[in-house]
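# Results of the structural survey
Chain by chain, the residues:
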Amino acid sequence: MRLLITGGAGFMGSNFIRYILKKYPDYKITNLDKLTYAGNLENLRDVEKNPLYKFTKGDICDQKIVDSLAKEVDVIVSYAAETHVDRSIMNPREFAMTDVIGTQTLLEAAKKYKHPLYVQISTDEVFGSVESGKFTEESPFLPNSPYAASKAGGDLLCRAYAITYKMPIIVTHSCNFFGQYQYPEKFIPLFITNLLEGKKVPLYGKGGNIREWIYTQDHCSAIDFILHHGKAGEVYNIGTGWEKTNLEITKLILGALGKGESQIEFVKNRPAHDWRYSLDSSKLRSLGWKPKYEFKDALLETIKWYKNNENWWKPLKSGDYLKYYEEQYKNR
Ligand code: NAD
Ligand code: TYD
């Protein structure tokens, strides 16, 4: 199979490329990535010389580049997106461009070259926040942040292309990712690396918000499963059932690094901070996929990885990154 992975230099895209090259030694992968602040070719150093892997720097909104690559592959798996909620509050336009127009550009190419499948990697955040119960694949889209709204726009275009042009498209809604190579602005790697640097951790509000979490390896296995066994035209939720408050996770990280709760700094809440995400993933599980990892083991593995890979994350936490933090709190 020849795959075009978009956003493959980011966190989960790079993990997926590594996973596929290892599991399917005859698959060809082209990675199209704009290399925004979140894209990092260091994430792929170990595979860059693999003759079955090729990298192209480019924007998914650029129809010419997208077409030239789509022509040579069977399936697009699209990870490329602007992904950080706090940044979307500060600069929504980039999110609308990449997550909506970028998706439309990819769909147009998949249509032109009559691909047998297009897979859109999306999020549970499109459903909004749920006090009790779980989101099913049929739950309405009620996004609350510009990030969630932009992802919802991309997902709705997938639906419209599938219906209007009868294209074979699958959309996935996953819970929150964590694991190696996650950019240290997201909750878990930010907190681990801050503590490793001797800094405090900025917990929003009272830390009571709840997220459902999935480890990198389990998300990769879910997308692999969907790529090979999913039904075109369907939507799949990808969840683990690991629901935790942010305070619970913070305490686990503090404990693992031998730090006390005095390292927590309760900071001003994120605007429109979704209270809880929770997915009903029984549809995918009924086909035969399930997660393999336990939350605590996966979190400890992740902490170990950040401890052992300071040379990966230290350079990321400087320059523009620090400016972004200053601005974020100034504007709240
Ligand atoms: P990430 O921010 O780590 O990486 C995104 C990648 O996309 C980067 O390499 C970036 O350079 C690239 N990119 C951004 N704009 C681009 C453009 N216009 N053209 C080409 N490349 C571009 O993202 P991630 O956390 O690995 O998330 C991957 C996907 O999974 C996203 O679609 C996201 O919405 C979805 N998702 C993420 C989570 C999560 O918890 N992080 C949960 C569910 C779903
Ligand atoms: P994040 O990793 O940004 O993912 P998302 O908002 O897309 O779920 O945040 C996860 C949770 O952690 C969310 O409830 C917000 C919270 N959080 C903090 O308390 N402090 C922080 O500095 C960050 C980045 C997030």
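Our subject is the structure listed above.
Below is a summary of the structure that appears in this document. (Residues numbered from 1 in each chain as written. Chains lettered and ligands numbered in written order. Predicted model: local features only at pLDDT ≥ 70, side-chain atom pairs only at ≥ 80, totals over all residues. Heavy atoms only, no water.)

Turning our eyes to something else, we now look at the packing of aromatic side chains. Overall, the coordinates contain 23 aromatic pairs when judged by the stated rule. Here the aromatic rings of Tyr-181 and Trp-312 are separated by 5.6 Å at their centres, their planes lie at 85°, and the arrangement is edge-to-face. With a gap of 131 residues between them, Tyr-181 in the loop between β7 (176-178) and α6 (187-196) and Trp-312 in helix α11 (residues 310-313) connect regions that are remote in the sequence. Measuring from ring centre to ring centre gives 6.1 Å for Phe-187 and Trp-213, while their planes differ by 35°; the resulting arrangement is tilted. A residue pair is termed long-range when its members are at least 10 positions apart, and Phe-187 in helix α6 and Trp-213 in strand β9 (residues 210-215) qualify at 26 residues. Judged by relative accessible area, Phe-187 falls into the buried class, the value being 18%. An aromatic cluster of three or more residues is present, and its members are Phe-178, Phe-187, Phe-191, Trp-213, Tyr-215, Trp-242, Tyr-293 and Phe-295. (Phe/Tyr/Trp six-rings, centres within 6.5 Å; stacked < 30°, edge-to-face > 60°. Helix = DSSP H or I, 4+ residues; strand = E, 2+ residues; numbered from the N terminus. Buried < 20%, exposed > 50% of the residue type's maximum accessible area, 1.4 Å probe, protein only.)

Glancing now at the site of ligand 2. Neighbouring residues of ligand 2: 18 residues in total, closest Glu-125, Pro-202, Arg-211, Arg-270 and His-273. Alone, ligand 2 offers 510 Å² of accessible surface; in the complex the protein occludes 98% of this. Secondary-structure elements contributing two or more residues to the shell around ligand 2 are α6 and β8 (201-204). Partitioning the shell around ligand 2 into residue classes produces 8 nonpolar, 5 polar and 5 charged. (Near = heavy atom within 4 Å. Areas by Shrake-Rupley, 256 points an atom, 1.4 Å probe, with all protein chains shown as cover. Nonpolar A, V, L, I, M, F, W, Y, C, P; charged D, E, K, R; others polar.)

With that settled, consider the sheet that holds β7. Pairing between sheet strands relies on hydrogen bonds along the backbone, with the strands arranged either parallel or antiparallel. Across the sheet, 3 strands lie side by side as β7-β9-β11; this open sheet has mixed pairing. Only two strands of the sheet have a single partner each, and these edge strands are β7 and β11 (243-245). Neighbour to neighbour, the strand axes of the sheet diverge by 50° on average, direction disregarded. Taken together, the 3 bridges between β7 and β9 define a ladder with parallel strand orientation. Paired with Phe-177 across the strands is Ile-214, a residue of β9. (Pairing = 2+ DSSP bridges. Axes fitted to C-alpha atoms, helices over the stretch in contact; angles between N-to-C directions.)

End to end, helix α1 (residues 11-23) covers 19 Å across 13 residues, agreeing with the expected 18 Å (1.5 Å per residue, within 8%). Of all 13 residues in α1, 11 are buried, a share of seventy percent or more. Among the residues making up α1, those that are buried are Phe-11, Met-12, Gly-13, Ser-14, Asn-15, Phe-16, Ile-17, Arg-18, Tyr-19, Ile-20 and Leu-21. The elements touched by buried residues of α1 are β1 (2-6), β2 (28-33), β3 (53-57), β4 (75-78), β7 and α7 (216-229). (Expected span 1.5 Å × (residues − 1). Contact = heavy atoms within 4.5 Å.)

What follows covers the nonpolar core. Of all hydrophobic cores here, the largest spans 72 residues; its most connected members are Leu-3, Phe-16, Val-77, Phe-178, Ile-188 and Ile-253. With 7 residues, the top contributor of residues to this core is α1. Setting aside residues no more than four positions away along its own chain, Ile-253 makes contact with Ile-188, Phe-191, Ile-192, Leu-195, Leu-299 and Ile-303. Leu-4, Ile-60, Leu-107 and Tyr-118 belong to the second largest nonpolar core, which has 19 residues in total. (Core = buried A, V, L, I, M, F, W, Y, C linked by side-chain atoms within 4.5 Å.)

To continue, consider the site of ligand 1. Among the 29 residues in the neighbourhood of ligand 1, the closest are listed as Met-12, Asp-33, Thr-83, Tyr-147 and Lys-151. With respect to ligand 1, the backbone of Ile-60 contributes an N or O atom lying 2.9 Å from a nitrogen atom. Contact distances for ligand 1 include 2.7 Å between an oxygen atom and a side-chain N or O atom of Thr-83. Protein contacts shield 97% of the accessible area of ligand 1, which totals 840 Å² for the unbound molecule. Breaking the shell around ligand 1 down by element, the ones donating at least two residues are α1, β5 (117-123), α5 (146-164) and β7. Sort the elements by how many residues they give to the shell around ligand 1 and β5 lands first, with 3 residues. Here the residues of the shell around ligand 1 are counted per class, giving 13 nonpolar, 11 polar and 5 charged. (Polar contact = N/O pair within 3.5 Å; in protein donor to acceptor, adjacent residues only side chain to side chain.)

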